[in-house]
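Below are the chains, spelled out letter by letter.
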Amino acid sequence: MTGDYRGVKVHVEARVRVFSAEEGGRRTPVTLGYRPGFHLLDDEKSDYSMDLSSLDPDPLHPGQIGRIGLRFIESWELLAPRLAVGMAFQLREGFRVTAEGVIEWLAERPHP
């Protein structure tokens, strides 16, 4: 189940900072459709598949802070119970951390 946040169907809305190449992050901006791994800081074993469904500003350049809307591709039912507003996370491309963020809004969680 997804929520409607600012007119876009998303599971999570978050504030993120995209790391620059000098920080080990990206050389190019993040745009809609970007599909990094979503990684919880307290879970070293899992990355979850998602895509960027909303972005402000668009594009989001390395070194910038912005708001993103995330839509999980196949793992929302498993991940939703573990998430909370205020929780920190990373966006990764393989083992490279490209951004860090904090959850600001969650869609209604699926019923068990």
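See the structure printed just above.
Residues numbered from 1 in each chain as written. Predicted model: local features only at pLDDT ≥ 70, side-chain atom pairs only at ≥ 80, totals over all residues. Heavy atoms only, no water.

**A look at the overall build of the protein chain**
Line of reasoning, step 1. Each helix and strand in the protein chain was counted, giving 1 helix and 8 strands.
Line of reasoning, step 2. From first element to last, N terminus to C terminus, the protein chain shows the α and β order β-β-β-β-β-β-α-β-β.
Line of reasoning, step 3. Computed over its C-alpha atoms, the radius of gyration of the protein chain comes to 13 Å, within 12% of the 13 Å expected for a compact globule of 112 residues.
Line of reasoning, step 4. Overall, the C-alpha framework of the protein chain stretches about 45 × 35 × 20 Å when taken along its three principal axes.
Line of reasoning, step 5. A burial count over the protein chain gives 45% of its 112 residues as buried.
Line of reasoning, step 6. Here the analysis covers contacts within the protein chain between residues at least 6 apart in sequence; of these, 63% occur between residues at least 24 apart.
Line of reasoning, step 7. For the protein chain, the exposed surface amounts to about 6000 Å²; the carbon and sulfur share of it is 51%. (Helix = DSSP H or I, 4+ residues; strand = E, 2+ residues; numbered from the N terminus. Rg over C-alpha atoms; globule rule 2.2 N^0.38 Å. Buried < 20%, exposed > 50% of the residue type's maximum accessible area, 1.4 Å probe, protein only. Contact = heavy atoms within 4.5 Å. Areas by Shrake-Rupley, 256 points an atom, 1.4 Å probe, with all protein chains shown as cover.)

**Regarding the pairing of strand β6 (residues 65-72)**
Two faces make up the sheet, and in a regular strand the side chains alternate between them.
Line of reasoning, step 1. Where strand β3 (residues 12-18) and β6 come together, 6 bridges link them in antiparallel fashion. Its bridge partner being in β6, A14 is matched across the sheet by I68.
Line of reasoning, step 2. Where strand β5 (residues 48-56) meets β6, 6 bridges bridge the pair, whose relative direction is antiparallel. Residue pairing in the sheet places S54 in a bridge with G69 of β6. (Pairing = 2+ DSSP bridges.)

**Remarks on the nonpolar core**
Line of reasoning, step 1. Formed by 26 residues in total, the largest nonpolar core has its most connected members in V12, F38, I68, F72 and L83.
Line of reasoning, step 2. Listing elements by their share of this core, those giving two or more residues are β3, β4 (37-40), β5, β6, α1 (76-79), β7 (88-93) and β8 (96-106).
Line of reasoning, step 3. Leaving out residues up to four positions away in the same chain, F72 has contacts with H11, V12, F38, Y48, S49, M50 and L79. (Core = buried A, V, L, I, M, F, W, Y, C linked by side-chain atoms within 4.5 Å.)

**Let's talk about the sheet that holds β8**
Line of reasoning, step 1. Pairing in this closed barrel of 6 strands is antiparallel, and the strands run β3-β6-β5-β4-β7-β8 around the ring. Put simply, the sheet's adjacent strands are angled 45 degrees from each other on average, direction ignored.
Line of reasoning, step 2. Where β7 meets β8, 6 bridges bridge the pair, whose relative direction is antiparallel. Paired with Q90 across the two strands is E100, which belongs to β8. (Axes fitted to C-alpha atoms, helices over the stretch in contact; angles between N-to-C directions.)

**So, unusual backbone geometry**
Line of reasoning, step 1. In this structure, the amide linkage connecting D56 to the following residue, P57, adopts the cis form with an omega of 5 degrees.
Line of reasoning, step 2. Of note, the amide linkage connecting D58 to P59 takes the cis form, showing an omega dihedral of 0 degrees.

**Observations concerning the pattern of salt bridges**
Line of reasoning, step 1. In total, this model carries 7 salt bridges according to the counting rule given.
Line of reasoning, step 2. E13 serves as the salt-bridge partner of R67, at 3.8 Å between the closest nitrogen and oxygen. Of the two residues, R67 is situated in strand β6 and E13 in strand β3; the sequence distance between them amounts to 54 residues.
Line of reasoning, step 3. Residue R67 is classed as partly exposed on the basis of its relative accessible area of 28%.
Line of reasoning, step 4. Classification of E13 as buried rests on a relative accessible area of 2%.
Line of reasoning, step 5. Between R67 and E104 there is a salt bridge, with its nearest N and O atoms 2.8 Å apart. Pair noted here: R67 is in strand β6 and E104 is in strand β8, with a separation of 37 residues, a long-range link. (Salt bridge = Lys/Arg side-chain N within 4 Å of Asp/Glu carboxyl O.)

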